[in-house]
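So the chains spell out like this:
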Amino acid sequence: MKKLQLVDLNLINAKIFLKNEFIEAGISIEANRINKIAKLPNMPKASKTIDVNGNIVLPGLIDVHVHLRDLKLSYKEDFNTGTCAAAAGGFTTVLDMPNTQPPTNTPERLKKKIQRAKNRVIVNVGFYAAFPKQFKQIVEMYRNGAIAFKVFLYHPITELDVNCDDVLLKVFKCAKQLNRPVAVHAEEGEIVQRIEEDLRKSGKSSLNHHLKAHSIKREVNAVQRVVKLAKQTGSHIHFCHISAASSIRHIKKLKQHITCETTPHHIFLTKDVLRKCGSIALMNPPLRSRLNTTRLWHALNDEWIDILASDHAPHALQEKTNENIWEVSPGIPGLETTLPLMLTQVNNGRMSWGRLTQILATKPAEIFQLNRGFIKTGSVADLVIVDVNQEYKIDSSKFYSKAKYSPFDGRKVKGKPIKTFVSGCLVYDSGEIVSEPGSGTILTGSSH
Ligand code: DOR
Ligand code: ZN
Ligand code: ZN
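Below is a summary of the structure that appears in this document. (Residues numbered from 1 in each chain as written. Chains lettered and ligands numbered in written order. Predicted model: local features only at pLDDT ≥ 70, side-chain atom pairs only at ≥ 80, totals over all residues. Heavy atoms only, no water.)

1. So, the coordination of the zinc ion (ligand 3)
Here's step 1: Donor atoms from the polypeptide that coordinate the zinc ion (ligand 3) comprise His-65 (NE2), His-67 (NE2) and Asp-311 (OD), at 2.1 to 2.2 Å from the metal.
Here's step 2: Donor residues for the zinc ion (ligand 3), ordered by position in the chain, follow H-x1-H-x243-D. (Donors = N, O, S within 2.8 Å, 3.2 Å for Na, K, Ca; no water.)

This is the structure in C-alpha cells:
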C-alpha cells in the first residue's frame, strides 16, 4: 500500500488575504513553504493542524528599519529580545541598522555580527552595512551578506566624508553596480550639529531647542541634495523616516529610482506629545505639526510614500530622561506598536487591507529584494494571524523589547497579532514566544 504523505502543518479556518481579497480557506505547509491553499476537503493530511478560528492571515510583516543593537549595546536591546519584539509585533523579517558598537563598517565586523546573530534571532534578519572607509571593501561587504547600505548624513558613523558630493556619488555608484539600495538618513548633518553646538554652549537645552536644530528645512534640504546626486548616478536611494511632508516634493521628481518610508510616530504623533511625554518621545528626525502628519498620512495612502517602517530604536530608560536635551538618546521602540496602530486605522476605514499589506510586506520586500511578503503556493511560510476585533490599550510594560516605554502607552487600539509563523514554524502564540533562540534565518543580499 502506498504510504500516506503527510504535510508538516495545516492552518484551517483561516480568512486569507489573497490577491486583494479575503478567501476562506486553509494553508498547508511543507518543508517551511506554503504547499497548498485550499478549502478543507481538498487539503492534504498533516502531522499537525492549527485551527485559526476564522481569524485573518496576512503575509508576515517586514520592517526594513530596526536597530537590534546587541554587541556592546546589548544593554539597550539584543538579537534575541529585538527579534522577540518583532515576532510579537507580527514582523517575520527585519533589517538591522549598522550604527552599532562597533559599527558595521568593515567586512570582518559584518561577518562577526552575522555569526553572533545566528544563534540568537527568532525571525529573519538581514543586515545593513555602513560604507567602509576603503572603497574596495564595499564589494566584500556585499559578498559577506549586506542586504543594503546605509548613509547617516546626520552623525556619520564612519569616516566617509558624507558632506562631500563626490564621495556620495562614488558610493552611490558602487551600490548601483551591486544592485543594492542605499538607505539615507536625510538631515543636513554639518548644519544641525553646528546649531546644536551653539545652543548647547548658550545653555539652551529644552525640547524646543532640539526641534529648532532638527527643523523641517534640514530634512528637506538634505533630501533635495541626495535626489540631485541620485539623478546623476541612477542609483536606488531609499529615504529613511521621512518626517517632513515637503520632502515628498523632491522625491516625486525622481520616483523611478527613489523609494521612501515614514514611521508610525511621524504619522500619528505631533510635537504636542513632547509636552505630555517629555524626552521619552525624542527621536531624529523629530515630531512635527498636525498639518504635517495629515499630509504625510495622505502621501502614504496615495503611494508617494512607499512603505512604513518602525525605526525601532531602543535605549535604556535612564538614557531617555534628562533635563538637558543634548544628553538624551533619540529613538523609541516601535516593533510592538506598529501593527496594532495600523490595524486600528484599517478598522476605522482609513486604510484598506490591500494598502496595509503593501506598505508592511509586499513593498518592503520588493524594495530590498527579499523574495518574501506575499502568500502564494511555493513561497516561504512567513505569516501573521491577526484578531481584528480585540480592543485594548498599548502597554509598554509588556513589551519583549528591553525598551519598556512608548509615547503610544495607554493609547486605545483595535486589532492584535495573535500568532506569528516564520518559515512555517510558530514563533509567537497569544502573548508567548514559543521558539528557541536561533530559530530565525539570516538573510544575505548575495544569496538570493
Ligand atoms: O532617533 C533616532 N535614533 N534617529 C537616528 O537616526 C538613530 C536612532 C538610534 O540609533 O537610536
Ligand atoms: Zn535615522
Ligand atoms: Zn534609525
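2. Observations concerning the coordination of the zinc ion (ligand 2)
Each pair of donors in an ideal four-coordinate tetrahedral metal site encloses 109.5 degrees, whereas pairs in an ideal six-coordinate octahedral site enclose 90 or 180 degrees.
Here's step 1: Coordination of the zinc ion (ligand 2) by the protein is provided by His-185 (ND1) and His-241 (NE2), with metal-donor distances spanning 2.1 Å.
Here's step 2: A gap of 3.6 Å separates the zinc ion (ligand 2) and the zinc ion (ligand 3). One end of the pair, His-185, is in strand S10 (residues 182-185); the other, His-241, is in the loop between strand S11 (237-239) and helix H8 (247-252), with 56 residues separating them in the sequence. His-241 shares its class with His-185; the two are buried. (Helix = DSSP H or I, 4+ residues; strand = E, 2+ residues; numbered from the N terminus. Buried < 20%, exposed > 50% of the residue type's maximum accessible area, 1.4 Å probe, protein only.)

3. Digging into the site of ligand 1
Here's step 1: Every residue near ligand 1 is listed here: His-67, Arg-69, Asn-99, Phe-152, His-185, Met-283, Asn-284, Ala-313, His-315, Pro-330 and Gly-331.
Here's step 2: His-67 places a polar side-chain atom, nitrogen or oxygen, 3.3 Å from an oxygen atom of ligand 1.
Here's step 3: Interatomic distance of 2.7 Å between a side-chain N/O atom of Asn-99 and an oxygen atom of ligand 1.
Here's step 4: Burial of ligand 1 by the protein amounts to 91% of the accessible area it has alone, namely 290 Å².
Here's step 5: Its atoms largely coinciding with the cavity grid, ligand 1 occupies the largest pocket.
Here's step 6: Classifying every residue of the shell around ligand 1 gives four nonpolar, six polar and one charged. (Near = heavy atom within 4 Å. Polar contact = N/O pair within 3.5 Å; in protein donor to acceptor, adjacent residues only side chain to side chain. Areas by Shrake-Rupley, 256 points an atom, 1.4 Å probe, with all protein chains shown as cover. 1 Å grid on protein atoms, 1.4 Å probe; cavity = no way out; pocket = protein on both sides within 12 Å on 5 of 7 lines; lining within 4 Å. Sits in = over half its atoms within 2 Å of the grid points. Nonpolar A, V, L, I, M, F, W, Y, C, P; charged D, E, K, R; others polar.)

4. Section: the environment of Gly-438
Here's step 1: Locating Gly-438 in the fold gives a position in the loop between strand S17 (432-433) and strand S18 (442-443).
Here's step 2: For Gly-438, a relative accessible area of 27% translates into the label partly exposed.
Here's step 3: Residues Gly-438 and Arg-120 lie 318 residues apart in sequence; the distance between their C-alpha atoms is 4.4 Å.
Here's step 4: Non-local contacts of Gly-438, meaning those with residues more than four positions away in its chain, are made with Lys-118, Asn-119, Arg-120 and Val-121. (Contact = heavy atoms within 4.5 Å.)

5. Let's talk about the layout of surface pockets
Over the atoms rolls a probe the size of a water molecule, and in doing so it shows where empty space is left.
Here's step 1: Reported here for the largest pocket is a volume of approximately 710 Å³.
Here's step 2: For the lining of the largest pocket, the secondary structure elements donating two or more residues are strand S9 (148-152) and helix H5 (189-201).
Here's step 3: The dominant element in the lining of the largest pocket, judged by the number of residues it contributes, is H5, at four residues.
Here's step 4: Taken together, the residues of the lining of the largest pocket sort by class into twelve nonpolar, 16 polar and seven charged.
Here's step 5: The computed volume of the second largest pocket comes to approximately 410 Å³.
Here's step 6: As for the second largest pocket, its lining consists of 18 residues, of which Tyr-392, Asp-395, Lys-398, Lys-416 and Tyr-428 are closest to the centre. (Points joined across faces, edges and corners; volume = space filled by probe spheres on them.)

6. Points about empty space enclosed by the protein
Here's step 1: Overall, the coordinates contain two cavities of 30 Å³ or more when judged by the stated rule.
Here's step 2: In this structure, the largest cavity occupies an estimated 60 Å³ of space.
Here's step 3: Along its surface, the largest cavity is lined by Ala-130, Phe-131, Lys-150, Val-151, Phe-152, Pro-156, Ile-157, Thr-158, Leu-160 and Val-162.
Here's step 4: Per element, the largest residue contribution to the lining of the largest cavity is three residues, and it comes from S9.
Here's step 5: Considering only residue class, the lining of the largest cavity consists of eight nonpolar, one polar and one charged.
Here's step 6: Here the second largest cavity defines a volume of roughly 40 Å³.
Here's step 7: Lining the second largest cavity are Pro-59, Gly-60, Asn-371, Arg-372, Gly-373, Phe-374, Ser-379, Val-380 and Asp-382.
Here's step 8: Among the residues making up the lining of the second largest cavity, the classes are represented as three nonpolar, four polar and two charged.

7. Side note on the nonpolar core
Here's step 1: The biggest cluster of nonpolar side chains holds 96 residues, and the ones touching the most others in it are Phe-239, Met-342 and Trp-353.
Here's step 2: Excluding residues that lie within four positions of it along the chain, Met-342 makes contacts with Ile-267, Phe-268, Trp-297, Leu-308, Met-351, Leu-356, Ile-359 and Leu-360.
Here's step 3: Listed in part, the 19 residues of the second largest apolar core include Ala-14, Ile-16, Ile-29 and Ile-34. (Core = buried A, V, L, I, M, F, W, Y, C linked by side-chain atoms within 4.5 Å.)

These results come straight from atomic positions and should not be treated as a statement about function.
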